[in-house]
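# Notes for the structure review
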Amino acid sequence: MMKKKGINEMKMLGDREVPVFLMTGFLESGKTDFLKYTMEQDYFQVEGTTLLILCEEGELEYEEEYLEDNRIVMEVLEDQEELTSEKLQELEEKYRPEQVVIEYNGMWPMSQIHSCKSPKGWEVSQQVTMVDASTFQLYMNNMKSLFMDMARDSDLIIFNRASMEMPLDNYRRSIAIVNPQATIVFEDMDGEQIEDIYDGKMPFDLEAPIIDVEPIDYGIWYMDMTENQQRYEGKTVRFQAKAKKSPRLGTKVIVAGRTAMTCCDDDTVFMGFVVMCPSRDKVNNGDWVDITAEVKFEYTPHYRKVGPVLYEKELKVIEPLENEMVYFM
């Protein structure tokens, strides 16, 4: 649909700028509650009209008084075929809104809205996805592809109705693997943010002379080392992974990692780290290796930013793992 632009970039366009806020999530995930609270806040108020495009009617409705008090006009699209470029242009001409909020139907494919050509000046400012943590596993078991399509482009993902008894770390990793840039927030039944979903616990000993990462824990380790540099700087780790070689990497560098399933067999991503590897000549592209290495965080052109760079201490070629794929959910 609409390419995202920051507010400052939008102001440089010269034409009329209309920020669009896209809210996604399944029915009863809390989208309407979140939007009702947000749209009445001072920071969201505008002098002109806010156009609310409602693509589903949940149990919680928008009262006429609420709409009038906040200068909101609402249009309901009951069928996904109604969401077209022509319909959006019609609404633009009818209301000339100063900002647009779209409460999207979680059962409609994201391709429906992405295929629409937006009216001139409309630009997505933020995409937020709401998730009911108490039903998340059920939806992931039955509608994983639909959910991942929502999460893939979201700037903010809010899990509400969460509790520490739930596998919140697994929930977070399942999102981070398809959208590492997203901000992921967990809120309890009272709407209070859960600050530490890990409680500092990892399935391997971070204080051991060698942090031994079992194959089943590769995904947890990968995500934690990516996000928590201070835990691993200067530490020694041992893990098993597939080696990738390329002339572009250099003569003493490999990438070692595992392939992770994101939503289906055709939707996977390779999660690997740069390894400074003196033993590179002993390794063929695609070999499985057992690596012991020291972790440093430094800039490398392979990441195009500061990231984990592993310095080989010991390496041996091994048989492929019985289960080569990494699963988060």
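It should be noted that the structure appears before, not after, this text.
Heads up: these notes are all about the structure in this document. (Residues numbered from 1 in each chain as written. Predicted model: local features only at pLDDT ≥ 70, side-chain atom pairs only at ≥ 80, totals over all residues. Heavy atoms only, no water.)

## Examining the overall build of the chain
Which entries qualify depends on this criterion: Working definition: helices are DSSP H or I runs of at least four residues, strands are E runs of at least two. Numbering for both runs from the N terminus. Buried means the residue's accessible area, taken with a 1.4 Å probe over protein chains only, is under 20% of the maximum for its type, while exposed means over 50%, and partly exposed covers the values in between. Note on areas: these come from Shrake-Rupley sampling with a 1.4 Å probe, and a residue is covered only by the protein chains present in the view. Charge convention: Lys and Arg are scored as positive, Asp and Glu as negative, and His as well as the terminal groups of each chain are ignored. Charged groups are reduced to one reference atom each: NZ for lysine, CZ for arginine, CG for aspartic acid, CD for glutamic acid.
A tally of helices and strands in the chain yields nine helices and 14 strands. If you line up the chain on its principal axes, its C-alpha atoms span 70 × 45 × 35 Å. The buried share of the chain, reckoned over its 329 residues, is 50%. Of the roughly 16,800 Å² of accessible surface on the chain, 46% is carried by carbon and sulfur atoms. Of the side-chain charges in the chain, 35 are positive and 63 negative, and the distance between the mean point of each set is 11 Å.

## Some remarks on the pattern of salt bridges
Selection rule: Any carboxyl oxygen of Asp or Glu within 4 Å of a side-chain nitrogen of Lys or Arg constitutes a salt bridge here.
For the coordinates displayed, the defined rule picks out 10 salt bridges. The partner of Glu227 in a salt bridge is Arg172, with the nearest N and O atoms 2.6 Å apart. Taken as a pair, Glu227 in helix 8 (residues 218-227) and Arg172 in helix 7 (residues 168-176) lie far apart in primary sequence, 55 residues in all. A relative accessible area of 39% places Glu227 in the partly exposed class. Of the charged contacts in the structure, one is a salt bridge between Arg231 and Asp224, with a shortest N-O distance of 3.6 Å. Comparing Arg231 with Asp224, the two get one shared label, buried. Sharing partners across several salt bridges, the network here consists of Asp212, Arg238 and Asp290.

## Focus: the pairing of strand 2 (residues 50-54)
For a regular strand, the rule is simple: side chains alternate between the two faces of the sheet. Note the threshold: A pair of strands counts as paired when DSSP detects no fewer than two bridges linking them.
Buried residues dominate strand 2, accounting for five of its five residues. Because side chains alternate across strand 2, one face comprises the buried residues Thr50, Leu52 and Leu54, and the other comprises Leu51 and Ile53, equally buried. Taken together, the five bridges between strand 2 and strand 3 (residues 72-76) define a ladder with parallel strand orientation. Residue pairing in the sheet places Leu51 in a bridge with Val73 of strand 3. As judged from the five bridges shared by strand 2 and strand 4 (residues 99-103), these two strands associate in the parallel manner. Across the sheet, Leu52 pairs through a bridge with Val101, a residue of strand 4.

## As for the packing of helix 6 (residues 136-152) against helix 7
How we decide: Only the stretch in contact is used when a helix axis is fitted, and all axes are lines through C-alpha atoms; the angle between N-to-C directions ranges over 0 to 180 degrees. Each angle receives one of four descriptions, namely roughly parallel if under 35 degrees, roughly antiparallel if over 145, roughly perpendicular if within 65 to 115, and oblique otherwise. Left-handed describes a crossing whose near helix is turned anticlockwise from the far helix by less than a right angle; the clockwise case is right-handed. Contacts are residue-level and defined by heavy atoms, with any inter-residue pair within 4.5 Å sufficient.
In the contact formed by helix 6 and helix 7, the axes pass within 11 Å of each other and the chain directions differ by 30°. Accordingly, the angle class assigned to the pair helix 6 and helix 7 is roughly parallel. The interaxial crossing formed by helix 6 with helix 7 has right-handed handedness. Here helix 6 contributes Phe136, Gln137, Met140, Phe147, Met148 and Ala151 to the contact with helix 7, which in turn contributes Tyr171, Ser174 and Ile175.

## Here we look at the state of the cysteines
Note the cut-off: In plain terms, two cysteine sulfur atoms within 2.5 Å form what is called a disulfide here.
Within the structure shown, the criterion is met by zero disulfides. Note on Cys55: no disulfide assigned, nearest cysteine sulfur contributed by Cys116 at a separation of 9.3 Å. The class for Cys55 is buried, based on a relative accessible area of 1%.

## Observations concerning unusual backbone geometry
Despite not being glycine, Glu28 shows a phi value in the positive range, around 65°. Turning to its location among the elements, Glu28 is positioned in the loop between strand 1 (18-24) and helix 2 (31-39). A residue is classified by how much of its surface remains accessible, and Glu28, at 47% relative accessible area, is partly exposed. You will see that Arg304, though not glycine, has its phi angle at about 65°, which is positive. Looking at the element boundaries, Arg304 is found in the loop between strand 12 (288-300) and strand 13 (305-318).

## Brief notes about the environment of Pro301
The topology assignment puts Pro301 in the loop between strand 12 and strand 13. A sequence separation of 52 residues divides Pro301 from Leu249, and the C-alpha atoms of the two residues are 9.3 Å apart.

## Looking at the packing of helix 7 against helix 8
The test is simple: When residues are sorted by character, Ala, Val, Leu, Ile, Met, Phe, Trp, Tyr, Cys and Pro go into the nonpolar class, Asp, Glu, Lys and Arg into the charged class, and all the rest, Gly among them, into the polar class.
In the contact formed by helix 7 and helix 8, the axes pass within 11 Å of each other and the chain directions differ by 75°. It follows from the interaxial angle that helix 7 and helix 8 lie roughly perpendicular. Facing helix 7, whose interface residues are Arg172, Arg173 and Ala176, helix 8 presents Gly219, Ile220, Met223 and Glu227. The residue makeup of the contact of helix 7 with helix 8, split by class, is three nonpolar, one polar and three charged.

## Brief notes about empty space enclosed by the protein
Rule in force here: Using a 1 Å grid laid over the protein atoms alone, points where a 1.4 Å probe fits but cannot get out form a cavity; open sets with protein on both sides within 12 Å along at least 5 of 7 lines form a pocket; any residue with an atom within 4 Å of a point counts as lining. Grid points are joined across faces, edges and corners, and a volume is the space filled by probe spheres set on the points.
The final tally for this structure, using the stated rule, is one cavity of 30 Å³ or more. Roughly 30 Å³ of volume is contained in the largest cavity. Lining the largest cavity are Met39, Phe44, Gln45, Val46, Thr50, Asn70, Ile72 and Gln99. For the lining of the largest cavity, the per-class residue count stands at four nonpolar, four polar and no charged.

## What to know about the layout of surface pockets
Roughly 610 Å³ of internal volume is contained in the largest pocket. Tyr222, Thr226, Gly272, Tyr303 and Lys305 are the residues nearest the centre of the largest pocket, which is lined by 23 residues in total. Every element with two or more residues in the lining of the largest pocket is listed here: helix 8, strand 11 (267-276) and strand 13. By residue number, the principal contributor to the lining of the largest pocket is strand 11, which donates six residues. Among the residues making up the lining of the largest pocket, the classes are represented as 15 nonpolar, six polar and two charged. Asp33, Met130, Asn160, Glu187 and Gly191 are, among the 13 residues lining the second largest pocket, the residues nearest its centre. If you list the elements that add at least two residues to the lining of the second largest pocket, you get helix 2 and strand 6 (156-160). The biggest single contributor to the lining of the second largest pocket is helix 2, with three residues.

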